[in-house]
Amino acid sequence: MKALIFSAGLGTRFKPWTDKHPKALAPVNGKSLLQRNIEYLRGYGITDVVVNVHHFADQIIAALKENNGWGSNVEISDEQDAVLETGGGLLKAKPLLEHTRFLTINADILTDLNLHEMCRFHQSSEAVVTLAVTNRVTSRNFLFDADSRLCGWRNNATGEEKIVINAPVNFEKAYSGIAVYEPEVFQHIRQNGKFSIVETFLDIAPHQLIKGYDHSGSRWMDVGKPDSVAKAESLFN
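About the thresholds
Residues numbered from 1 in each chain as written. Predicted model: local features only at pLDDT ≥ 70, side-chain atom pairs only at ≥ 80, totals over all residues. Heavy atoms only, no water. Helix = DSSP H or I, 4+ residues; strand = E, 2+ residues; numbered from the N terminus. Buried < 20%, exposed > 50% of the residue type's maximum accessible area, 1.4 Å probe, protein only. Contact = heavy atoms within 4.5 Å. Salt bridge = Lys/Arg side-chain N within 4 Å of Asp/Glu carboxyl O. Phe/Tyr/Trp six-rings, centres within 6.5 Å; stacked < 30°, edge-to-face > 60°. Polar contact = N/O pair within 3.5 Å; in protein donor to acceptor, adjacent residues only side chain to side chain.

Of regular secondary structure, the chain possesses seven helices and 14 strands. Referenced to the eigenvectors of the C-alpha coordinate spread, the extents of the chain come out at roughly 50 × 35 × 30 Å. Sorting the 237 residues of the chain into buried and exposed places 49% on the buried side. Taking the contacts inside the chain whose residues are at least 6 apart along the sequence as the reference set, 74% of them involve residues at least 24 apart.

What follows concerns the pattern of salt bridges. Taken as a whole and judged by the stated rule, the model has 12 salt bridges. Of the charged contacts in the structure, one is a salt bridge between Asp-112 and Arg-219, with a shortest N-O distance of 3.0 Å. Separated by 107 residues along the polypeptide, Asp-112 in the loop between strand 7 (109–111) and helix 5 (115–125) and Arg-219 in the loop between strand 13 (210–214) and strand 14 (220–222) bring together distant segments of the chain. Among the ionic pairs, Arg-190 bridges to Asp-203, the shortest N-O distance being 2.5 Å. Of this pair, Arg-190 sits in the loop between strand 12 (171–181) and helix 6 (197–204) while Asp-203 sits in helix 6, placing them 13 residues apart in sequence.

Let's shift gears to the packing of aromatic side chains. Taken as a whole and judged by the stated rule, the model has nine aromatic pairs. Measuring from centroid to centroid gives 5.3 Å for Phe-121 and Tyr-213, while their planes differ by 50°, and the two rings are tilted. With Phe-121 in helix 5 and Tyr-213 in strand 13, this pair connects stretches of sequence that are 92 residues apart. For Tyr-213, a relative accessible area of 12% translates into the label buried. Summarising the aromatic geometry, the rings of Tyr-181 and Phe-201 are spaced 6.3 Å apart at their centres and angled 35° between planes, so their arrangement reads as tilted. Here Tyr-181 is found in strand 12, whereas its partner Phe-201 is found in helix 6, with 20 residues between them in sequence. As far as the burial class goes, Tyr-181 and Phe-201 line up, both buried.

Relative to the assigned elements, Arg-136 resides in the loop between strand 8 (129–134) and strand 9 (140–144). Taking the relative accessible area as the measure of exposure, Arg-136 reaches 24% and is therefore partly exposed. Along the chain, Arg-136 and Tyr-175 lie 39 residues apart, while their C-alpha atoms are 9.3 Å from each other. The contact partners of Arg-136, leaving out residues within four places of it in the chain, are Asn-141, Ala-174, Tyr-175, Ser-176 and Trp-220. A polar atom in the side chain of Arg-136 sits 3.5 Å from the backbone oxygen of Ala-174. Polar contacts involving the side chain of Arg-136 include one to the main-chain carbonyl oxygen of Tyr-175, which spans 2.5 Å.

Okay, here's the thing in structure tokens:
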């Protein structure tokens with residue numbers, strides 16, 4: 001199994017750090033977000049890792065080289081020509097991922113979600129994609145039916161909604177920025193260029209099984225802004 005760590009973003013919410021550095025190298029208790037995620041994955045036996053790069057790509061590449069990938073085999077998916085967002089970034093990394101089951105995680109996510117349990121759920125459900133979700137309150141939610149199948153998306157702040165499967169009841173869940181994929185997912189991606197992976201999930205969902213894995217109760221944090229670092233440091237040593 002392999003993993004893709006999304007590390008190419010501009011990190012505009014994380015200024016002023018990202019004026020001179022990539023967000024993936026922001027330190028939390030002396031370890032960068034990227035190092036923490038590589039070590040987190042290695043704790044579950046995932047040592048083949050792809051890191052996509054764009055913003056201050058040279059700094060990420062140098063850090064990986066200087067630290068020997070923090071013990072993992074790390075390959076670079078180079079997006080220096082154009083930032084592609086999560087969907088475009090996944091498609092760009094296809095040659096490095098298409099031969100095995102893999103997972104993706106955003107570089108600014110810290111969690112103790114049990115990946116072994118999530119992968120067992122994914123395999124037993126026979127889903128093409130499994131999304132890590134929780135019951136936390138957010139402005140945007142995925143919608144799932146009673147069997148945890150992805151049915152749509154809702155922006156609670158604007159009222160915008162996209163229903164792709166009609167279900168008697170929809171349950172709102174917050175996406176955790178982590179997903180497990182079967183490599184066949186690439187056969188179903190119709191978008192090109194720069195696009196969000198959310199577009200792909202909603203496009204695929206009516207035709208292929210996408211499930212939600214609820215890990216409410218796990219520690220989880222989006223280290224998206226500088227003022228979130230202190231909380232992250234209190235949660236993750």
